[in-house]
Amino acid sequence: MNRTEEETFRPEETFALAKRLAEQAKGGEVYCLDGDLGVGKTVFAQGFGAGLGIEEPMASPTFTILREYHSGRLALFHFDVYRIGSEDEMEEIGFYEMAGSPDGVALIEWSSLIAGILPENAIHVTIEKDPEKGFDYRRIVIEDPWCSI
Ligand code: ADP
Ligand code: MG
């Protein structure tokens, strides 16, 4: 288990951090993104997409649960499970085929809502604010059971 703690002071820095992380992805990884509403999970996801070379704009999949992107180096399965009714719904969406697919990576916003079905080797990214450190400050903790970042 490798634990890294990063600090960002602007959305662009969170984007850049996620981009660097994506550039190291090999395929098959599941990234779990957690943190309060408006903390920067979608900013992170967009940076991640850029790091895979995805060209189309990435909207938040809040209302669709899943958006897929196939224009990058690896496929990206971007989930936002905020509105998921139950873990069973993830099976219907095809979560198990997508998570762990060697030609793609899965990124799951609000992953704690489906904690019971996350793979053991998932990489956990937690984003937090700290009001004492300013409005745009974020602490980003990355816990990676695969390798060092
Ligand atoms: P979430 O998906 O977690 O609900 P979003 O990514 O949609 O959040 O929104 C995050 C908001 O916070 C954006 O408006 C972004 O510009 C802003 N923001 C300010 N500072 C940061 C930072 N350091 N990292 C990421 N986002 C930031
Ligand atoms: Mg979001």
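Definitions and limits used
- Residues numbered from 1 in each chain as written.
- Chains lettered and ligands numbered in written order.
- Predicted model: local features only at pLDDT ≥ 70, side-chain atom pairs only at ≥ 80, totals over all residues.
- Heavy atoms only, no water.
- Donors = N, O, S within 2.8 Å, 3.2 Å for Na, K, Ca; no water.
- Helix = DSSP H or I, 4+ residues; strand = E, 2+ residues; numbered from the N terminus.
- Buried < 20%, exposed > 50% of the residue type's maximum accessible area, 1.4 Å probe, protein only.
- Patch = residues over 30% accessible without salt bridge, like charges linked within 9 Å, V, L, I, M, F, W, Y side chains within 5 Å.
- Areas by Shrake-Rupley, 256 points an atom, 1.4 Å probe, with all protein chains shown as cover.
- Salt bridge = Lys/Arg side-chain N within 4 Å of Asp/Glu carboxyl O.
- Lys, Arg positive; Asp, Glu negative; His and termini not counted.
- Charge placed at Lys NZ, Arg CZ, Asp CG, Glu CD.
- Pairing = 2+ DSSP bridges.
- Phe/Tyr/Trp six-rings, centres within 6.5 Å; stacked < 30°, edge-to-face > 60°.
- Lys NZ or Arg CZ within 6 Å of the ring centre and 35° of its normal.
- Near = heavy atom within 4 Å.
- Polar contact = N/O pair within 3.5 Å; in protein donor to acceptor, adjacent residues only side chain to side chain.
- Nonpolar A, V, L, I, M, F, W, Y, C, P; charged D, E, K, R; others polar.

**Thoughts on the coordination of the magnesium ion (ligand 2)**
The protein atoms donating to the magnesium ion (ligand 2) are Thr-42 (OG1) and Glu-109 (OE), with metal-donor distances spanning 2.2 to 2.3 Å. Of this pair, Thr-42 sits in helix 2 (residues 41–51) while Glu-109 sits in strand 5 (residues 104–109), placing them 67 residues apart in sequence. Classification of Glu-109 by relative accessible area gives buried; the value is 2%.

**Some thoughts on a negative patch on the surface**
On the surface, Asp-88, Glu-91, Glu-92 and Glu-97 cluster together into a patch of negative charge. Take Glu-91: it is sitting in helix 3 (residues 87–93). Overall, the relative accessible area of 52% leaves Glu-91 in the exposed class.

**Digging into the pairing of strand 7 (residues 138–144)**
Buried residues dominate strand 7, accounting for 6 of its 7 residues. As paired elements, strand 1 (residues 2–8) and strand 7 share 7 bridges and run antiparallel to each other. Bridge pairing in strand 7 links Asn-2 to Asp-144. Pairing analysis gives 6 bridges linking strand 6 (residues 123–129) to strand 7, with the strands arranged antiparallel. What sits directly across from Val-125, in strand 7, is Ile-142.

**A short note on the pattern of salt bridges**
Within the structure shown, the criterion is met by 8 salt bridges. For the salt bridge of Arg-139 with Glu-5, the shortest nitrogen-to-oxygen distance reads 3.6 Å. Here the residue Arg-139 occupies a position in strand 7, and Glu-5 occupies one in strand 1, the gap between them amounting to 134 residues. Its relative accessible area of 18% is what places Arg-139 among the buried residues.

**Details of the packing of aromatic side chains**
This structure, assessed with the given rule, holds 6 aromatic pairs. A ring pair is formed by Phe-44 and Phe-48, whose centres lie 6.5 Å apart and whose planes are at 25°; its orientation type is stacked. Of this pair, Phe-44 and Phe-48 both sit in helix 2, 4 residues apart, roughly one helical turn. Here the aromatic rings of Tyr-82 and Trp-110 are separated by 4.7 Å at their centres, their planes lie at 40°, and the arrangement is tilted. One end of the pair, Tyr-82, is in the loop between strand 4 (75–80) and helix 3; the other, Trp-110, is in the loop between strand 5 and strand 6, and 28 residues separate them in sequence. The exposure class of Trp-110 is buried, given its relative accessible area of 15%. Chaining the aromatic ring pairs together yields one cluster made of Tyr-31, Phe-44 and Phe-48. Over the face of the ring belonging to Trp-110 we find Lys-41, whose NZ or CZ atom lies 4.3 Å from the ring centre.

**Observations regarding the site of ligand 1**
Near ligand 1 there are 15 residues, and of these Thr-14, Gly-38, Lys-41, Thr-42 and Asp-136 occur at the shortest range. Within the backbone of Val-39, one N or O atom sits 3.3 Å away from an oxygen atom of ligand 1. A distance of 3.1 Å separates an oxygen atom of ligand 1 from a polar atom in the backbone of Gly-40. A total of 580 Å² of accessible area belongs to ligand 1 in isolation, and the protein chains cover 75% of it. Contributing elements (two or more residues each) for the shell around ligand 1: helix 1 (11–23) and helix 2. In terms of residue count, the dominant contributor to the shell around ligand 1 is helix 2 (3 residues). Residues that form the shell around ligand 1 fall into these classes: 4 nonpolar, 5 polar and 6 charged.

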